[in-house]
Structures are given as C-alpha cells and as structure tokens.
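Each chain, letter by letter, is given below.
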Amino acid sequence: MKIFDAAWPLNHTPSAEELSAAAAKACGVKPGKIVRCDIVRRSLDARGQLLYRYQIRAMVEGDAPAKAYEFHYKNVTSAKPVIIIGGGPAGMFAALRLLERGLKPVILERGKDVHSRKKDIAAISVRGQVCADSNYCYGEGGAGTFSDGKLFTRSSKRGDIYEVLHQMVNFGAQPQILIDARPHIGSDVLPKMVESIRECITSHGGEYHFNSKVIDLKPLGGDGPRWEAVCEGGLTFKADNVILASGHSASDIYSLFDAKGWQLEPKDFALGVRVEHPQSLINNIQYHGRWQPGMPPAEYYLAEQIDGRGVFSFCMCPGGILVPSSTESDGIVLNGMSNSLRNGPRANAGIVVQVSLADVPDYDRFGTFALLEFQRQVEKTMFSYSNSLKAPAQRMVDFCRGKQSAGLPASSYTAGITAAPLTELLPQFVSERLRRAFPLFDRKMKGFYTNEALVLACESRTSSPIRIPRDATTLQHASLPGLYPCGEGAGYAGGIVSSALDGIAVANAISD
Ligand SMILES: Cc1cc2nc3c(=O)[nH]c(=O)nc-3n(C[C@H](O)[C@H](O)[C@H](O)COP(=O)(O)OP(=O)(O)OC[C@H]3O[C@@H](n4cnc5c(N)ncnc54)[C@H](O)[C@@H]3O)c2cc1C
C-alpha cells in the first residue's frame, strides 16, 4: 500500500483511470497491477493556480487490505445497563460503542427530541424566550446539533477520528467528510443524523429518555447496582456504571457535585466576542481576489500573543449565522451555525482571550466556581445592556478606537443587535487585548481590520470552566468508582469529534 500526493485543477474531478495511472506511476508498477485506489484527503490550494491537492492510497496486487470500518451492533434488550447522562456527541458515541460491546445504553437527556427541540430554538430568536431545558445547548444531539458541524480536530491522540467520521456517514452525513481536510456537516443534515443514531440505539434495545433531567446521583451500598440516577419528577435508574456526559453548560451538575463534596477543579477557558464580516470580503482576502462560484467559502484561523496571553479565532463559520446559545433567559451567549452549503452572505468567528483564575481575583470567594461565576457575570452584563437577547455590537475599528458606532451594518444574529460601547461592557483585560489583536490580525489577513466588520458580545462558552477529575487509566472519577466523567462538560474534550472520541474511550474503559 502506498500513500502519495497528486493535484488537479479546481474544476476537474479525476476519473478512476486518471487515479489509477497516477497510482501506477507513484508505485512504479503497470496500471494493471493497481487493485484499488482511494482518495483519503482533499484540500484546496489557492496559493498559485487554483488546485485541489489529493492524498491517494494505492493498493498493488498482494497488498494487505486497508482497515475496514464496520460496525456490528448487538441486541442489548436484556443486557446489563449503563446509564448515560446527556445525549450529545459524547453520550451518543459512547452508546454506539456500548451496543457493539453488548451493553445496554440508557440515555437520560434533559432536553427534547430533535424535532420538538426545533420549535424551542425558533422561539429563542422570535420571542426572545430561552427554554431552560431545550435550547441551542440542551436536547437531542447536544450542543452540536444546530451548529456548523465542523469536524476538524487536532485531537488525533484521543482515538481514531476516521471511526467517528465513518459512523457519521453511515448515519447520513455527507461522504466527502471522509476526505475533506476541513470537514463539516451543517445544520440541515445534523438533526437527521442525530435521529438515525437514536433509531439505531433504540432498535437494538438501548433506551432514550427525553425530558429526563438528572437532579441527583446516589452511590448505592450492598450487592446490587453501584449507582442510582434520579430524574426531575422522581423517575430513577440504576446501574453499575454511569457515564456523565452533560456538556459544559450544565452548571447544576457541578453544583450537585459541590453539594456532595465530590472533587471538582477550576479550568482555564477563553472568553471574548464574535466578529462578523461579509463572506465576500473574507473570500477576497483568502483567495487573493480569485474566488469563483463552486469554490468553498473561505475560512481563517488567526492567533496572536498579547501580553503573554493567547488571543485567537475560535469556531469560524463561513457562510454561517450567529445564534443566541445561552441556556439561561438572562444571559447573552453567541455562537455560530451554518447549513451544509455554507452559502450565507456573512462569515463569523469567535475571537477569544485565554482566561485563568489569576485574572479574576474578585471571584476568589467562589472557590472552584470562580471562573464559572465570572463567565455568568459577563453573559448577564451583555443581557442587561438591552434587557433582551439583542447583542451589544460595535463596528470593529470603532471598537478598537473606543468610539461608539453611529450606525451598524446588518448582522445575521437572529435575536437582533444594539449599538453599544463594548470596551466598557467587556472585562478590561479581555477588551484591551482584543483591541490590540484586531489590527495585528490585519497584517496576516489584509482587510480583516475594517469598519465593515461587526464585533458582538459575548462568546463565552468556548469550553468548560470546571473539570471533573478522573483517573487517567480507568477514566473513572478520581474517588467515585463506576462514575465516568466524559466529554466537554467534564473538561476532557472540546468540539464534536473530540467529545465523540471521549465517549468511545469511556465506553471502551467500561466494557474492556
Ligand atoms: C451553536 C453551537 C455551534 C457549535 N459548533 C461547533 C462546530 O461547528 N464544531 C464543533 O466541533 N463543535 C461545535 N460546537 C461545540 C460542540 O457542540 C460541543 O463541543 C459538543 O457538543 C460537546 O459534546 P458533549 O457530548 O460533551 O456535550 P453536549 O453536546 O453539550 O451534550 C450534553 C447533553 O447533556 C444534556 N444534559 C445536561 N445536563 C443534564 C442533566 N442534568 N440530565 C440529563 N441531561 C443533561 C444536555 O441537554 C445535552 O444534550 C458548537 C456548539 C454550539 C452551541
């Protein structure tokens, strides 16, 4: 087997014959000796002539076959249960692995099924109402269901990313996510994929319980199951093992741990703003004025060190929209989502500053919860400015010069915007670094620093500000056997794919 690189012009898809001929040349054999040829990676190169660069895997007669991704789910109707708290990527992929291993996943999800959830999501933008248990973060599929569905991750050490991508394709994601260098799914496809995963789990005997918020977890003595999960309303579930995959917004779970005296740790996170540019402007910058229909909308990643602290772009959404993704009705949290074509007229990204305990001495009295309280306070400050979900916003150059914007350009933010002095609303150590970073970003992307761009606040849920410690080998909570903190909320993942990988790792730890 040989992996080799090749390139073809943007508007030319290589035929099977062309791939075989290139493979034969790369392997030094006659084309007839090539038994199989697969594109494993594709990326757009806009530096010179517009090209797609391919990584191709060629198999010559006699080669061992490449790894096949096949998933065999068992019927687990009568098998031993494992409680999974949270039906996000970590919970869903843990459940799928448990099915393969012959254990019965019992998913307890505080939110609604994806179909019912859509109505609550619409109400957030239309009526400014945030349903406490059904919103952009809570509900079937977790925080990633109504998102850009970016699947790019650097966490290759956590497990086999391709295993997750292959499962996603089996459940309805576009096959090109298997080869795109920066794959994404989109909010028009994600809900269907999430539903198919649920159908697979329930048709094999696993259980899904929606509207089932876990409000207590009890370690049990005796010879029976080790754990009991109590849901709001009184329903209880028992099992030897519990996977806690409740995501980074479930502060009530952290409070539950605190009330029980179970170990938690503060964790650094990042906070800042979302910026929104016309997509055409980003295309012009990134493609040097050569963007043409058929080319993907351009992305960017930017980072600077300002006063010894990272200021970086986060979760960039080309052709996407900004959405209100708070889980509380008195806070503003911005995030981005897009459809599979990413064909909206605007580009948005979080631009955030690293935050650690040392930055928030005023919150010392909250102990482990200091960063969480700080995060919450910033979200509330943004809400208080308009007493609504309308996001405080300022033009980018005005923001850097400390000048209130007289008029604002149109924004995709679905709950509306209001002109505001963001430098006064954001914590000073954040706003000062952002003001210095934007002009520096312009050196890397000429045209990025412009008053055509909007700065909106705030982007605060980049990752969990608290970690639930677990043993590095067993993956169980440091002092609670049978309890497996998992995914983003526990502080062991960030993003859809890494959370899914963590779910698989925890399910492996339970079933090995
Ligand atoms: C709008 C938006 C866009 C995003 N875009 C991307 C992107 O493009 N790419 C990317 O990689 N990441 C993106 N993310 C982040 C990504 O969604 C998360 O990193 C990922 O979903 C974390 O997975 P998880 O399973 O650990 O937690 P979550 O997805 O947060 O799932 C946790 C689940 O637990 C449930 N839950 C919480 N508390 C309880 C309880 N007490 N009882 C029962 N259930 C409970 C919640 O309802 C939720 O469904 C986005 C997030 C948002 C909000």
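Just so it is clear, the structure is predicted and the values come from calculations on it, not from any experiment.

Draft legend 1. Molecular detail of the overall build of the protein chain. For the protein chain, the count of helices and strands is 13 helices and 22 strands. For the protein chain, the C-alpha radius of gyration of 24 Å lies close to 24 Å, the compact-globule estimate for 512 residues. The principal-axis extents of the C-alpha atoms in the protein chain amount to approximately 70 × 65 × 40 Å. Per-residue burial for the protein chain yields a buried fraction of 56% across its 512 residues. Contacts in the protein chain between residues far apart in sequence, at least 24 positions, make up 71% of those at least 6 positions apart. For the protein chain, the exposed area adds up to about 21,000 Å²; of that, 49% sits on carbon and sulfur atoms.

Draft legend 2. View of the side chain of R274. Within the secondary structure, R274 is located in strand β12 (residues 269-278). Residue class for R274 comes out buried when judged on its relative accessible area of 0%. A distance of 2.7 Å separates a polar atom in the side chain of R274 from a polar atom in the side chain of N348.

Draft legend 3. Geometry of the environment of A173. Within the fold, A173 resides in the loop between α4 (161-170) and α5 (190-203). When the C-alpha positions of A173 and R57 are compared, they lie 22 Å apart, and in sequence the two are 116 residues distant. The contacts of A173, once residues within four sequence positions are left out, are M168, I185, V189 and M193.

Draft legend 4. Summary view of the environment of R433. Its place among the elements puts R433 in helix α11 (residues 428-444). For R433 and L51, which are 382 residues apart along the polypeptide, the C-alpha to C-alpha distance reads 37 Å.

Draft legend 5. Representation of the pattern of salt bridges within the structure. Evaluated as defined, the whole model comprises 39 salt bridges. Note that R342 and D148 form a salt bridge whose closest N and O atoms lie 2.6 Å from each other. Of this pair, R342 sits in the loop between β16 (334-337) and β17 (346-355) while D148 sits in the loop between α3 (114-127) and α4, and the two are 194 residues apart along the sequence. On the basis of relative accessible area, D148 is assigned to the buried category, the value being 1%. Here E432 ties to R435 by a salt bridge, and the two come within 3.2 Å at their closest N and O atoms. Separated by three residues within a single helix, E432 and R435 lie in helix α11, roughly one turn from each other. Judged by relative accessible area, R435 falls into the partly exposed class, the value being 22%.

Draft legend 6. How the structure looks around the side chain of E304. Summarising the element assignment, E304 is placed in strand β13 (residues 303-306). At 3.0 Å, the side chain of E304 and the side chain of K444 are in polar contact. If we skip the residues at most four places from it in the chain, E304 touches R309, G310, V311, L440, F441 and K444.

Draft legend 7. Examining the site of the ligand more closely. Contacts to the ligand come from 38 residues, most closely from E109, A143, V214, E488 and I496. With respect to the ligand, the backbone of A90 contributes an N or O atom lying 2.9 Å from an oxygen atom. The separation between an oxygen atom of the ligand and a polar main-chain atom of A143 is 2.8 Å. Bound to the protein, the ligand loses 95% of the 990 Å² it would expose on its own.

Draft legend 8. Spatial organisation of the packing of helix α2 (residues 89-101) against α4. Contact pair α2 / α4: the axes reach a minimum separation of 12 Å and the direction vectors enclose 90 degrees. Regarding the angle of α2 to α4, the classification is roughly perpendicular. Packed against α2, whose contacting residues are F93, L96, R97 and E100, the element α4 presents E163, V164, Q167 and M168 at the interface. Among the residues forming the contact of α2 with α4, the class breakdown is four nonpolar, one polar and three charged.

Draft legend 9. View of unusual backbone geometry. For the bond running from A457 to C458, omega is 5 degrees, close enough to zero to count as cis. Along the chain, C458 falls in strand β20 (residues 454-459). Although it is not a glycine, N211 sits at a positive phi angle of roughly 50 degrees. As for its placement among the helices and strands, N211 is situated in the loop between β6 (207-209) and β7 (214-219). What makes N211 exposed here is its relative accessible area of 55%. The backbone phi angle of R342 is positive, close to 50 degrees, even though this residue is not glycine. On the basis of relative accessibility, which here comes to 6%, the residue R342 falls in the buried class.

Draft legend 10. Spotlight on the domain arrangement of the protein chain. As far as domains go, the protein chain holds domain 1 (2-60), domain 2 (81-263 + 468-511) and domain 3 (268-459). On a C-alpha basis, the centroid separation for the pair domain 1 and domain 2 is 38 Å. Listed as interface residues are five residues of domain 1 and, on the opposing side, five residues of domain 2. Carbon and sulfur atoms make up 43% of the area that domain 1 and domain 2 hide from each other, which totals about 460 Å². Counting the contacts that link domain 1 with domain 2 gives one salt bridge. Residues R42 and D180 are paired through a salt bridge, measuring 3.2 Å at the closest nitrogen-oxygen approach.

Draft legend 11. Representation of the sheet that holds strand β18 (residues 391-395) within the structure. Pairing within the open sheet is mixed, and its seven strands lie in the order β13-β14-β17-β12-β20-β18-β19. Two strands in the sheet have a free side with no partner beyond their single neighbour: β13 and β19 (417-419). Neighbour-to-neighbour, the strand axes of the sheet open up by a mean angle of 30 degrees, direction not taken into account. Where β12 and β17 come together, 10 bridges link them in antiparallel fashion.

Draft legend 12. Structural context of helix α7 (residues 279-286). Taken residue by residue, α7 has Q279, L281, I282, N283 and I285 as its buried positions. Contact partners of the buried residues in α7: β12 and β17.

Parameters at a glance
- Residues numbered from 1 in each chain as written.
- Predicted model: local features only at pLDDT ≥ 70, side-chain atom pairs only at ≥ 80, totals over all residues.
- Heavy atoms only, no water.
- Helix = DSSP H or I, 4+ residues; strand = E, 2+ residues; numbered from the N terminus.
- Rg over C-alpha atoms; globule rule 2.2 N^0.38 Å.
- Buried < 20%, exposed > 50% of the residue type's maximum accessible area, 1.4 Å probe, protein only.
- Contact = heavy atoms within 4.5 Å.
- Areas by Shrake-Rupley, 256 points an atom, 1.4 Å probe, with all protein chains shown as cover.
- Polar contact = N/O pair within 3.5 Å; in protein donor to acceptor, adjacent residues only side chain to side chain.
- Salt bridge = Lys/Arg side-chain N within 4 Å of Asp/Glu carboxyl O.
- Near = heavy atom within 4 Å.
- Axes fitted to C-alpha atoms, helices over the stretch in contact; angles between N-to-C directions.
- Parallel < 35°, antiparallel > 145°, perpendicular 65-115°, else oblique.
- Nonpolar A, V, L, I, M, F, W, Y, C, P; charged D, E, K, R; others polar.
- Domains from an automatic or database assignment.
- Buried area = accessible area lost by both parts, 1.4 Å probe.
- Pairing = 2+ DSSP bridges.

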